[in-house]
Amino acid sequence: MAQDANNTSQTFLLPCHECDLVSAVSPGKDGLWLLCPRCQHPLMRPARNDQLTPALAFTALVLLALSLLFPYIGFEKNGIERAMTISDAAMELAVYHHPLMAVVVIATIIVIPAAYLISVCWIHLSLASAKPLPGRLLLARVLPRIQPWMMADVFAIAALVSLIKIVAMAHIHLMSAFWTFSGYALLLLITVTRMNTVSLWSQLLGHLEQPAQARANLTAREQDLMGCQWCGQLQAIGRHRCQRCHGVLHDRHPLGLQRVWALLVTAILCSVPAHLFPIMVTTSLGKTEPSTIIAGVLLFIRHGDWPIALIIFTASVLVPFGKILALGWLCIASRRHTPLDMNSQMQLYRITEWIGRWSMIDVFVVAIIVALFQMGSILTVTPGVGGLAFCGVVIFTMLAAHQFDPRLIWDRQRQLIPPTEPTLEPER
Ligand SMILES: [Zn+2]
Ligand SMILES: [Zn+2]
């Protein structure tokens, strides 16, 4: 295979990761995403000499480091003052025999985002210095895989929900780490939206030669080809690993739908203890009061806090069950005729994939409240087994959404769309 690492501006064929249509792509204006003409999935953004993305990533890392050094939220109750740090949110869970939840919290808000930001800085340093720094290809492979598991923004929103929950119980102070962590969550979000793995691999290794039979405006599968879901390289069906990025290739996996069903069933099984058992237990002046998810929602309604009751109900009940139903329906729809057209099914899939991580709000609220309320016999909150089960519901539904192959939706559309060019969309 001839390799063209120096010329990344040529026209090349790019298969759509979500619908499998192959498009002829010629990099257009900087900042504009090329959209798939069939399903409107953002295919790529032309590679550019980008110094802003690593600068944002580095600033986010500095803000994260500051957030870990200083207290996050402080409060005062009955003359007793207390402050929690970000790491307390995980440590207190571990103290109360929930090490698994502690690992999930620390991984999703600190370890995985930090690994992502360091990788972005290292890869851009390699590109800017034109030196092949060690590990840059491995890190480029890791980036898209860990991206869905970064939840600093969800934690920042969970902190706001916790504040509304406890503002009537104690005098609250937002401390310096609250602002640095919010800045870090925002910069992380901007860094992620600026990253595009197809362009990144073009910059790192250029484009490999396309298979001779490859044509635009046909699906890859119709041409006995397969697109790498990580770097977009088009190659012959039958290879196990991508010839460019060495990521595992998969045409439609024969057991793909069974895996989605298995993960959905596991999520349903976890949802039973998640709603039956308390997510936290409050002990105040010798009185112990367990609180389930639904009891928490009802308490907010009784206090007249409708907006917060609605947020908790949506994140903890509507979204997880809606997601399970939507994914189950998509699995059935990919096998038989349904009244929804392909584009509506794709919208449903994209909403399901995007919204899932927001259910972690409830897990983070428990982590924050447990970390704050450790005041001995006056007021102590401990995590309940329902919280761990709910964490399982969120993780298994997210895994099910990632396991579902959206190309299955389009495989049932026999007739080909008329030939079109990829469209341009303004910067996101
Ligand atoms: Zn597409
Ligand atoms: Zn690849």
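Structure: above.
Here the residue index of a chain counts from 1 through its sequence in written order. All chains are assigned letters beginning with A, and all ligands numbers beginning with 1, in the order in which they are written. Local features in this predicted model are restricted to residues of pLDDT 70 or higher, and side-chain atom pairs are both shown and tallied only at a pLDDT of 80 or more, whereas totals for entire chains, interfaces and linings draw on every residue. Each side-chain value is derived from all of the structure's non-hydrogen atoms; neither hydrogens nor water enter the calculation.

Chemist: Could you give me a rundown of the pattern of salt bridges, with the residues and numbers involved?
Modeler: Salt bridge, as used here: a side-chain nitrogen of Lys or Arg that lies within 4 Å of a carboxyl oxygen of Asp or Glu. All chains considered together, the criterion is met by 5 salt bridges. Close ionic contact of D153 with R357 constitutes a salt bridge, the shortest N to O distance being 2.8 Å. One end of the pair, D153, is in helix α5 (residues 152-166); the other, R357, is in the loop between α11 (342-355) and α12 (361-372), and 204 residues separate them in sequence. For the pair D153 and R357, one class covers both residues: buried. Helix and strand definitions here come from DSSP, where helices need a minimum of 4 consecutive H or I residues and strands a minimum of 2 consecutive E residues; each element is numbered from the N-terminal end. Summary of the burial criterion: residues with accessible area below 20% of their type's maximum are buried, those above 50% are exposed, and those between are partly exposed, where the area comes from a 1.4 Å probe applied to protein chains only.

Chemist: Let's hear about the packing of helix α9 (residues 293-302) against helix α10 (residues 306-333): which residues, and what values?
Modeler: Here an axis means a line fitted to C-alpha atoms, over the contact stretch when the element is a helix, while the angle between two N-to-C directions is reported on a 0 to 180 degree scale. Where α9 meets α10, the axes come as close as 8 Å, and the angle between the chain directions of the two elements is 160°. Taken as axis vectors, α9 and α10 run roughly antiparallel relative to one another. In the packing of α9 onto α10, the handedness of the crossing is left-handed. Counted together, I293, I294, V297, F300 and I301 of α9 and W306, I308, A309, I312, F313, S316 and V317 of α10 form the full contact between these two elements. An angle below 35 degrees is treated as roughly parallel, one above 145 as roughly antiparallel, one from 65 to 115 as roughly perpendicular, and anything else as oblique. For any helix crossing, the convention is left-handed if the near helix is rotated counterclockwise from the far helix by under a right angle, and right-handed if that rotation is clockwise. In this analysis, two residues are considered to be in contact whenever any of their non-hydrogen atoms come within 4.5 Å of each other.

Chemist: Can you break down helix α6 (residues 176-194) residue by residue, with the values?
Modeler: Multiplying 1.5 Å by the residue count of a helix minus one yields the expected span of that helix. With 19 residues, α6 ought to run about 27 Å at 1.5 Å a step, and its terminal C-alpha atoms sit 28 Å apart, in line with that. The set of residues buried in α6 consists of A177, F178, T180, F181, Y184, A185, L187, L188, T191, V192 and R194.

Chemist: Could you give an account of the coordination of the zinc ion (ligand 1), naming the residues involved and the relevant values?
Modeler: Octahedral metals with six donors have ideal donor angles of 90 or 180 degrees. Tetrahedral metals with four donors have an ideal donor angle of 109.5 degrees. Only nitrogen, oxygen and sulfur atoms qualify as donors, and only when within 2.8 Å of the metal (3.2 Å in the case of Na, K and Ca); with water excluded, sites may look incomplete. Around the zinc ion (ligand 1), the protein contributes the donor atoms C16 (SG), C19 (SG), C36 (SG) and C39 (SG), which lie 2.3 Å from the metal centre. For the zinc ion (ligand 1), the 4 donor atoms in the first shell make angles of 101 to 115° at the metal, so the coordination geometry reads as tetrahedral. Sequence spacing of the donor residues for the zinc ion (ligand 1), all on one chain, is C-x2-C-x16-C-x2-C. You can see C16 sitting in the loop between β2 (12-15) and β3 (22-25) and its partner C39 sitting in the loop between β4 (33-35) and β5 (42-44), a full 23 residues away along the chain. On the accessibility criterion, C16 (2% relative accessible area) is buried. Any coordination sphere not matching a tetrahedral pattern (four donors, all angles between 85 and 135 degrees) or a square planar or octahedral pattern (four or six donors, opposite donors over 155 degrees apart, other angles between 65 and 115) is reported as irregular.

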